[in-house]
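Structural characterization, general
Residues per chain are reported as follows:
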Amino acid sequence: MFNDIGALELLTLVVLAVLVFGPEKLPKVIQDVTRTIRKIREFSDSAKEDIRSELGPQFKDFEFEDLNPKTFVRKQLMDGNDDLGLKEIRESFDLRKEMADVTDAVNGRESASSASGAGAAAASAVGASAGGSAPDLLKKPAQPAKDERPPFDADAT
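Report follows, based on the coordinates. Model, not experiment: these values are computed from the prediction.

1. A closer look at the overall build of the protein chain
Scanning the protein chain from terminus to terminus reveals 6 helices and 0 strands. Listing the helices and strands of the protein chain from first to last along the sequence gives α-α-α-α-α-α. A buried classification covers 5% of the 157 residues belonging to the protein chain. Of the roughly 14300 Å² of accessible surface on the protein chain, 61% is carried by carbon and sulfur atoms.

2. Remarks on a nonpolar patch on the surface
Where nonpolar side chains cluster on the molecular surface, the patch consists of I5, L10, L13, V14 and V18 and spans about 390 Å² of accessible area. Examined against the element boundaries, V14 turns out to sit in helix α1 (residues 7-55). The class for V14 is partly exposed, based on a relative accessible area of 45%.

3. Considering helix α4 (residues 95-107)
Taking 1.5 Å as the rise per residue, α4 with 13 residues should run 18 Å; its terminal C-alpha atoms sit 18 Å apart, in good agreement. Positive backbone phi, at 80°, marks G108, one or two positions downstream of α4.

4. Brief notes about the pattern of salt bridges
Within the structure shown, the criterion is met by 4 salt bridges. Between D32 and R35 there is a salt bridge, with its nearest N and O atoms 3.0 Å apart. Placement of both D32 and R35 in helix α1 is noted, with a separation of 3 residues, approximately one turn of the helix. D32 sits in the partly exposed class, given a relative accessible area of 30%. By relative accessible area, R35 is classed as partly exposed at 38%. Its salt-bridge partner being R52, residue E49 comes within 3.2 Å of it at the nearest N-O pair.

Parameters and conventions
- Sequence order sets the numbering: in each chain, residues are counted from 1 along the sequence as written.
- Predicted model: local features are reported for residues with pLDDT of at least 70 only, side-chain atom pairs are reported and counted for 80 or more only, and whole-chain, interface and lining totals are derived from all residues.
- In computing side-chain properties, one takes all heavy atoms of the structure into account and sets aside hydrogens as well as water.
- A run of H or I in DSSP becomes a helix once it reaches four residues, and a run of E becomes a strand once it reaches two; helices and strands are each numbered from the N terminus.
- Throughout, exposure labels follow a simple rule: accessible area from a 1.4 Å probe, protein chains only, divided by the maximum for the residue type, with under 20% read as buried, over 50% as exposed, and the rest as partly exposed.
- Values of accessible area rely on a 1.4 Å probe in the Shrake-Rupley scheme; residue burial ignores everything except the protein chains shown.
- Think of a patch as exposed residues, more than 30% relative accessible area, with no salt bridge, where like charges cluster within 9 Å and nonpolar side chains (Val, Leu, Ile, Met, Phe, Trp, Tyr) cluster within 5 Å.
- In what follows, salt bridge is the name for a side-chain nitrogen of Lys or Arg lying within 4 Å of a carboxyl oxygen of Asp or Glu.
- Each helix should span, by expectation, one fewer than its residue count multiplied by 1.5 Å.

And the structure:
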């Protein structure tokens, strides 16, 4: 609960407590605070047990910590239960390689992965241009003549 409090911060809290409550009342205040925390924990544990008993035996493995979105995602996606085949997807996806390929494509350079498959890429480019399904993004557009006006799109302005 207090894992991120350092020694200086703890010392500051102790000095502040002594100044606010005084050395005579401080032990009584500490006892009251610990008693209140203990009662809150008992109430919370009792409520959790009541909910578990009401849910029935099919939810005997239910943990309230699983309702935290971070814990839920970690348990469902990162653990060993791989019903959806996510392990293969995680292993096959390399973000750095993908970003390098995109950067190389934008800068007009040939990336290492595309250099090894240059023949396949050329064949797919020929097929794409023949089918007309995907434009070649690396190809520079033809410059219009000096007298020719660029196309005007009324919807775009």
